[in-house]
Amino acid sequence: MKSSSRLANTALAALPWALVVALTALNVLYMGRLGPNDDAYITFRVARNLAAGYGPVFNPGEQVLSVTTPGYMLLLAAASVISQDFVWLGLALNGLALLFVGALVIDLSHIVNPSGPDTGQTRLLSVLSATLAVSLTLTFPLLTAAVGMETPLFMAAILATFAAYRRALRPSNEDRLTTRWLLWTATAAALAFLLRPDGLLVAVAIGLHWIVTRRHVAWRPVALFLALSLPWLVFALLTYGSPVPNTLVAKATQALGENVTRWGPGLVQAFGDWTQQFPVAAFLALIGLLLALVRRQSGRSPMLLWTALTIVAHSALGVRSYFWYYVPFVAVMALLAGDGAAAIALWLTDRLDQRRFAGLATGLLALALAFAVLVPAAKAASLLTQPPIPRRREQAYLASAEFLRKLCASRTDATRVGVAEIGLIGYVSDCSIVDFAGLLQRDVAHLRVSPADKMAWTIKRYQPEYLVLSGGTNYPTQLSDSAWFRQRYEPADKIEQDGFRSVVYGRGLGPETQHDLPDAAWW
């Protein structure tokens, strides 16, 4: 009897781990068929150039910091000894990162018994909390869409920071053990910072919480964090002239355009979509949040502080909304939902203490909560088993990039190509790129004008030999139909994918090739 009970408990404890493996595989395989987001290819190209000896730059010879994830770029370049297929390397690293994300969510879902060792009840509540948190995290559609980018690695580093810090705060620790876990916390926080600059807010949140609760500074972890972070900052300052990515300025000025969603409204929209998809989980997360605030749980307070700091900082910067900014928050929501479910089950157990059917009632309630959360999660997971719908934009970009690759390979001089989205086209074509948004050219990034005016200014300023104009209903016809543009550029290749156009234009070689059009004025 005891052996069968022990076997059942082991199988139940293995459930969240099985979900981690299965959902990670579904995410990676799905995005392997669909292909990563366009921005991922920016990092792929910089890593490829670094591995080839050109340095960590997008265009060889142009010292511009064009990536916001130096840590991911360095990992890809180091992994190139295994394969030169950086898309495959990116997916492989993301798969490992998702496994770590799942494992850390399970760890952070552990219900600690304040009165002593774990009991059967706390273990069951931990399994319930972990199962819900893993399901909600790894079926989040925006996380799936971010596979291939640095986002899963960034999430893993953030969760590792909070997991290590949670252990450092255990009251039973000796000073030596506390210091050891603080050093691991500093290491994980430094990795988060190297994976994305806003990872610094993780370290700030941990530092503020430690100082407020312990009333002193832990200097050894601070020194370790600086020792791991400063080398890249010094290198970036010496190499690029600034450790601040050029993309930060570019994305801030991108938000000046009409009908452009900024970071704050984008967060509200993403949260609304998640709440609509997982209404019961949203309710449980609200309960978990209220409990964390009322009880001031040390395991959740640093995480909530980081969430608040991130929201305030990004809203203040006023950068443009991109979906991957919001992905790390889903782990916070998922953990709070797990906390809420465990709290409800524990409350019912206390209310029915020593009554005849107390265990049965609590079990049924736990099953009902799990069912209400897992059904929409299962629906989201089932979508990952289906063939992905090809993205018309990426298909058009790939065709234009192949056309440009042949053109650039056939010329001995550096052929410059102007594009609005530099990732996939830049990676596949391997041409020298002029970016209309300013990710690669500092003067373009600092232009405080609308995207359409910035595009026109960039073309006139850099006069690329080729350029790509693209879009569906938002195709820049105002630019392509303007007199000065038609006088100097002609279509060289046109791709149409279900209403999305990607047109490669070539520049005239001299005055004899430029059409005599009325009212054509060069900038």
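Note that the structure is a prediction, hence the values are computed from the model and not measured.

Draft legend 1. Region of interest: the overall build of the chain. Check the secondary structure of the chain and you find 22 helices and 5 strands. Expressed as a percentage of the 523 residues in the chain, the buried residues total 51%. In the chain, once contacts between residues fewer than 6 apart in sequence are set aside, the share between residues at least 24 apart is 75%. If you sum the accessible surface of the chain, you get close to 24,700 Å²; carbon and sulfur atoms cover 63% of it.

Draft legend 2. Geometry of the packing of helix α4 (residues 86–108) against helix α7 (residues 151–168). Their axes nearest at 8 Å, the elements α4 and α7 cross at an angle of 30 degrees. With respect to α7, the axis of α4 lies roughly parallel. Judged by the sense of rotation from one axis to the other, the crossing of α4 with α7 is left-handed. Between α4 and α7, the residues in contact are L93, N94, A97, L98, F100, V101, L104, V105, D107 and L108 and P152, L153, M155, A156, L159, A160, F162, A163, R166 and R167, respectively. Looking at side-chain class alone, the contact of α4 with α7 contains 16 nonpolar, 1 polar and 3 charged residues.

Draft legend 3. Structural context of the sheet that holds strand β2 (residues 432–435). Strand order in this open sheet of 5 strands is β2-β1-β3-β5-β4, and the pairing throughout is mixed. At either end of the open sheet lies a strand with only one pairing partner, and these are β2 and β4 (489–497). The mean angle between the axes of side-by-side strands here comes to 20 degrees, regardless of whether they run parallel or antiparallel. Against the sheet, helix α20 (residues 451–462) touches β1 (416–419), β2, β3 (466–471) and β4, its axis set at about 140 degrees to β2.

Draft legend 4. The packing of aromatic side chains, seen in detail. Tallied over the full model, the rule gives 21 aromatic pairs. Between F44 and Y427, the ring centres sit 6.1 Å apart and the planes meet at 65 degrees, which makes this aromatic pair edge-to-face. Note that F44 is positioned in helix α2 (residues 40–51) and Y427 in helix α18 (residues 423–429), a separation of 383 residues in sequence. Neither residue differs from the other here; F44 and Y427 are each classed as buried. Where F235 meets Y240, the ring centres are 6.4 Å apart and the plane angle is 85 degrees; that geometry is what we call edge-to-face. These aromatic residues form a ring-pair network of at least three members: F162, W263, W306, Y326 and F329. In this arrangement the basic side chain of K460 is found over the ring face of W484, its NZ or CZ atom lying 4.5 Å from the centre.

Draft legend 5. Highlighting the environment of R461. For R461, the location among the structural elements is in helix α20. When the C-alpha atoms of R461 and D443 are compared, they prove to be 9.9 Å apart, with 18 residues separating the residues in sequence.

Draft legend 6. Seen up close, helix α8 (residues 175–195). For α8, built from 21 residues, the straight-helix expectation of 30 Å at 1.5 Å per residue is met to within 8% by its first-to-last C-alpha distance of 30 Å. Among all positions in α8, only T178, L182, T185, A186, A188, A189, A190, A192, F193, L194 and L195 are buried. Looking at the buried residues of α8, the elements they touch are α3 (70–79), α7, α9 (200–214) and α10 (219–240).

Draft legend 7. Main features of the pairing of strand β5 (residues 500–507). Of all 8 residues in β5, 6 are buried; the element is thus mostly enclosed. Taken together, the 6 bridges between β3 and β5 define a ladder with antiparallel strand orientation. Residue pairing for β5: L469 is matched across the bridge by V503. Across 8 bridges, the pairing between β4 and β5 is antiparallel. What sits directly across from Q497, in β5, is F500. Count of turn residues in the β4/β5 antiparallel hairpin: 2 residues, of which D498 carries a positive phi of about 50 degrees.

Draft legend 8. Expanded view of the environment of V28. Residue position: V28 is located in helix α1 (residues 2–34). The buried category is assigned to V28, whose relative accessible area is 19%. On a C-alpha basis, the gap between V28 and A92 in space is 8.0 Å, while along the polypeptide they are 64 residues apart. Once you skip the residues sitting within four places of it in the chain, V28 turns out to touch L91, G95 and L98.

Draft legend 9. Local environment of the pattern of salt bridges. This model, assessed by the stated rule, comprises 11 salt bridges. Here E465 makes a salt bridge to R416, at a shortest N to O gap of 3.9 Å. Here E465 is found in the loop between α20 and β3, whereas its partner R416 is found in strand β1, with 49 residues between them in sequence. Classification of R416 by relative accessible area gives partly exposed; the value is 28%.

Draft legend 10. A look at unusual backbone geometry. One non-glycine residue with positive phi stands out, namely Q463, at about 45 degrees. Exposure remark for Q463: the relative accessible area of 32% places this residue in the partly exposed category. One non-glycine residue, D498, lies in positive phi territory at about 50 degrees. With respect to the helices and strands, D498 occurs in the loop between β4 and β5. Residue D498 is classed as exposed on the basis of its relative accessible area of 65%.

Draft legend 11. Geometry of the pairing of β3. Of all the 6 residues making up β3, 6 are buried; the element is thus mostly covered by neighbouring parts of the structure. Because side chains alternate across β3, one face comprises the buried residues Y466, V468 and S470, and the other comprises L467, L469 and G471, equally buried. Pairing analysis gives 2 bridges linking β1 to β3, with the strands arranged parallel. Note on β3: the bridge partner recorded for G418 is L467.

Draft legend 12. Examining the nonpolar core more closely. Counting 136 residues, the largest nonpolar core has F44, W306 and V417 as the members making the most contacts within it. A total of 12 residues in this core trace back to one element, the largest contributor, which is α4. If near-sequence neighbours (up to four positions away) are discounted, F44 is found in contact with P36, Y72, L76, F86, V87, G90, G148 and Y427. Core analysis: the next-biggest nonpolar cluster, separate from the first, contains 13 residues, L469, W484, F485 and Y489 among them.

Procedures and definitions
Residues numbered from 1 in each chain as written. Predicted model: local features only at pLDDT ≥ 70, side-chain atom pairs only at ≥ 80, totals over all residues. Heavy atoms only, no water. Helix = DSSP H or I, 4+ residues; strand = E, 2+ residues; numbered from the N terminus. Buried < 20%, exposed > 50% of the residue type's maximum accessible area, 1.4 Å probe, protein only. Contact = heavy atoms within 4.5 Å. Areas by Shrake-Rupley, 256 points an atom, 1.4 Å probe, with all protein chains shown as cover. Axes fitted to C-alpha atoms, helices over the stretch in contact; angles between N-to-C directions. Parallel < 35°, antiparallel > 145°, perpendicular 65-115°, else oblique. Left-handed = near helix turned anticlockwise from the far one by under 90°. Nonpolar A, V, L, I, M, F, W, Y, C, P; charged D, E, K, R; others polar. Pairing = 2+ DSSP bridges. Phe/Tyr/Trp six-rings, centres within 6.5 Å; stacked < 30°, edge-to-face > 60°. Lys NZ or Arg CZ within 6 Å of the ring centre and 35° of its normal. Expected span 1.5 Å × (residues − 1). Salt bridge = Lys/Arg side-chain N within 4 Å of Asp/Glu carboxyl O. Core = buried A, V, L, I, M, F, W, Y, C linked by side-chain atoms within 4.5 Å.

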